[in-house]
Amino acid sequence: MEQFTITTPHKTYPVVIGKGLRHQLLELLKKEFSAYVIVTDSQIAPLYLEDVKKALMSKPKVYSYVVPSGEASKDFDTYKRLIDYMVELNLDRQCCVIALGGGVVGDLAGFVAASFLRGVAFVQMPTTLLAHDSSLGGKVGINHDLGKNLIGAFYHPEAVIYDTETLSSLPEKEWRSGLAEVVKHGIIDSKALYDKMRQLLPERQAISVEVMASILKEAMMVKANIVAQDETESGVRKFLNFGHTLGHALEKESGYGALTHGEGVAIGMIFALKLSERVYHHSLPIEEITDWLGRLGLPTSIPKGLDKAKLVQTMKYDKKRTDGQIVFVLLKAIGEPKTQAVPEDLIIEVLEDFHE
Ligand code: NAD
Ligand code: ZN
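Here's what I pulled together on the structure shown here. (Residues numbered from 1 in each chain as written. Chains lettered and ligands numbered in written order. Predicted model: local features only at pLDDT ≥ 70, side-chain atom pairs only at ≥ 80, totals over all residues. Heavy atoms only, no water.)

### Focus: the sheet that holds strand β5 (residues 96-101)
- Strand order in the open sheet formed by 7 strands is β1-β2-β9-β6-β5-β3-β4, and the pairing between neighbours is mixed. Lying at the two open borders of the sheet, with one neighbouring strand each, are β1 (2-7) and β4 (62-67). Put simply, the sheet's adjacent strands are angled 20 degrees from each other on average, direction ignored.
- Pairing of β5 with strand β6 (residues 121-126) involves 6 bridges; the strand directions are parallel. Note that in β6 the partner of Val97 across the bridge is Phe122.
- Across the sheet, helix α3 (residues 76-88) touches β3 (36-41), β4 and β5, and the angle it forms with β4 is around 165 degrees.
- Helix-sheet contacts for helix α4 (residues 103-115) involve β3, β4, β5 and β6, and the interaxial angle to β5 is about 170 degrees. (Pairing = 2+ DSSP bridges. Helix = DSSP H or I, 4+ residues; strand = E, 2+ residues; numbered from the N terminus. Axes fitted to C-alpha atoms, helices over the stretch in contact; angles between N-to-C directions. Contact = heavy atoms within 4.5 Å.)

What follows is the structure, given as C-alpha cells:
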C-alpha cells in the first residue's frame, strides 16, 4: 500500500493507493457519516459496486446511483437526477458521496457533493489511470452544451482511495490514454522522476499492477505538490497543461472520440518539445520521449487529414491565450516547465514539420 497526504490551503487529505482497497473502504475512512451514496457508471457497477457496498455492510444507510458510462453523463440532466435522488432520500449534511469510477464519475459526483446542501463530504475512488490526475486537485464539474467543464467548483474530497486492482479491467484504449498523463507528470517534475518512469514503464505489456501503484504514487505526488502551491491555477498549476494546448485542439478537430484525451496529449507533448527547442535554442530528448510514448502504444504524430491552419485557429480560442499569441507550456529542460507565448508563424512552421 502506498500513501501520502495532500495539503492545500483549504483541505488536507490522504491519498491511499494499493491492491484491493475497495474491500477496506470502511477502515480507510476515518470519519463516520450519516449515510453513504455510491455514485458509479454502468460499466463499473457490474464489476465493483457490490464489493464497495459489502465494505459498507455494517452501515445502515448505503445507497447507490448508476449513471450511463461515458462523457455524456457529465451533463445537467444527470446532475439533476442525482440531486433529485438525494433530496428524495432526505439526506442530511453529514452524508458522504462516494465517487467510484473514472474522471466522469469523479467530476460529476464531486460537483453534486459540492453543491448538495451547500456541500457534503465526498470520497474519490478512482478506477481509471486518467483518474490518478482527475481525482486530485479539487476540480469538479459538469459540461455545458457549449463547452466542457463550464460549470463546476473547486472542492476537495475527504480522501482518495485508489484500488489498483480495478485497473485490470480497464479497456486498452483507456489504459493508454491515462498513461500519457502519467508520462506528463514525469516530464514536468524532474530528471530523476523522468528517468525512473522511463525505466519502470518500458512497454504496455510489461507493466504490472504493483509497479503501477508505485508509479501512480509518484505521478500523483507531482500533481499534489503543484496543487498545494497553486490551488486555483494562477501560477504553477498551469504547468499541468503541458501537451494540452495542441492536445485539446487535436481532440476537437479529430471529432471528439476519434482521439482520446491522452492520445491528444501525447502528440501535444512532442509538439511542445519541438517548439521548446526552437524557442530556447537547446536540445531536448525528443527522440527518446517519442520512442517511449510509441512503445506505450500512444500516437506520436499528427494524424493525416487534419488541417494545420484549423488547428492553429482552435488553439487561438484556447483559454490560455494572451495578446493574440498562443500560450504554451514549454520545457527549458526535463523537469523545468515554463509558460511561454509563441508567435503564430513559428507554431505553423513547427506544425508543418510534424507530419505522420
Ligand atoms: P471515464 O470516467 O469516462 O472512464 C473511461 C471509460 O472506462 C468509461 O467507459 C468507464 O465506464 C470505463 N471504466 C472506468 N473504470 C473502469 C474499470 N476499472 N474497468 C472497466 N471499465 C472502466 O473517463 P476518464 O478518462 O477516467 O475521465 C475523463 C474525464 O475526466 C473527462 O470528463 C475530463 O474532463 C475529466 N478530467 C477531470 C480532471 C480534473 O482535474 N477534475 C482532470 C482531467 C480530466
Ligand atoms: Zn489532461
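### A short note on the pairing of β4
- Bridge count for β3 against β4 is 6 bridges, and the pairing is parallel. The residue bridging Ile38 from the neighbouring strand is Ser64, located in β4.
- Remark: the β3/helix α2 (residues 45-55)/β4 crossover connection has right-handed handedness. (Right-handed = clockwise from strand over helix to strand, strands pointing away.)

### Topic: the site of ligand 1
- Close to ligand 1 lie 25 residues, the nearest being Asp41, Glu71, Thr127, Thr128 and Ser169.
- Relative to its free-state accessible area of 860 Å², ligand 1 is covered by the protein chains to the extent of 88%.
- Mapped onto the shell around ligand 1, the elements with two or more residues apiece are α2, α4 and β8 (147-154).
- When residues in the shell around ligand 1 are grouped by element, the largest group, 3 residues, is from α4.
- Per-class residue counts for the shell around ligand 1 are 7 nonpolar, 10 polar and 8 charged. (Near = heavy atom within 4 Å. Areas by Shrake-Rupley, 256 points an atom, 1.4 Å probe, with all protein chains shown as cover. Nonpolar A, V, L, I, M, F, W, Y, C, P; charged D, E, K, R; others polar.)

### Describing the packing of aromatic side chains
- Inspection of every chain in the model, using the stated rule, returns 7 aromatic pairs.
- Ring centres of Tyr65 and Tyr85 lie 5.1 Å apart, and the angle between their planes is 55 degrees; on these two criteria the pair is classed as tilted. With Tyr65 in strand β4 and Tyr85 in helix α3, the pair connects residues that are 20 residues apart, well separated along the chain.
- Residue Tyr65 is classed as buried on the basis of its relative accessible area, which comes to 16%.
- A cation sits over an aromatic face here: Lys332 above Tyr280, 5.1 Å from the ring centre. (Phe/Tyr/Trp six-rings, centres within 6.5 Å; stacked < 30°, edge-to-face > 60°. Buried < 20%, exposed > 50% of the residue type's maximum accessible area, 1.4 Å probe, protein only. Lys NZ or Arg CZ within 6 Å of the ring centre and 35° of its normal.)

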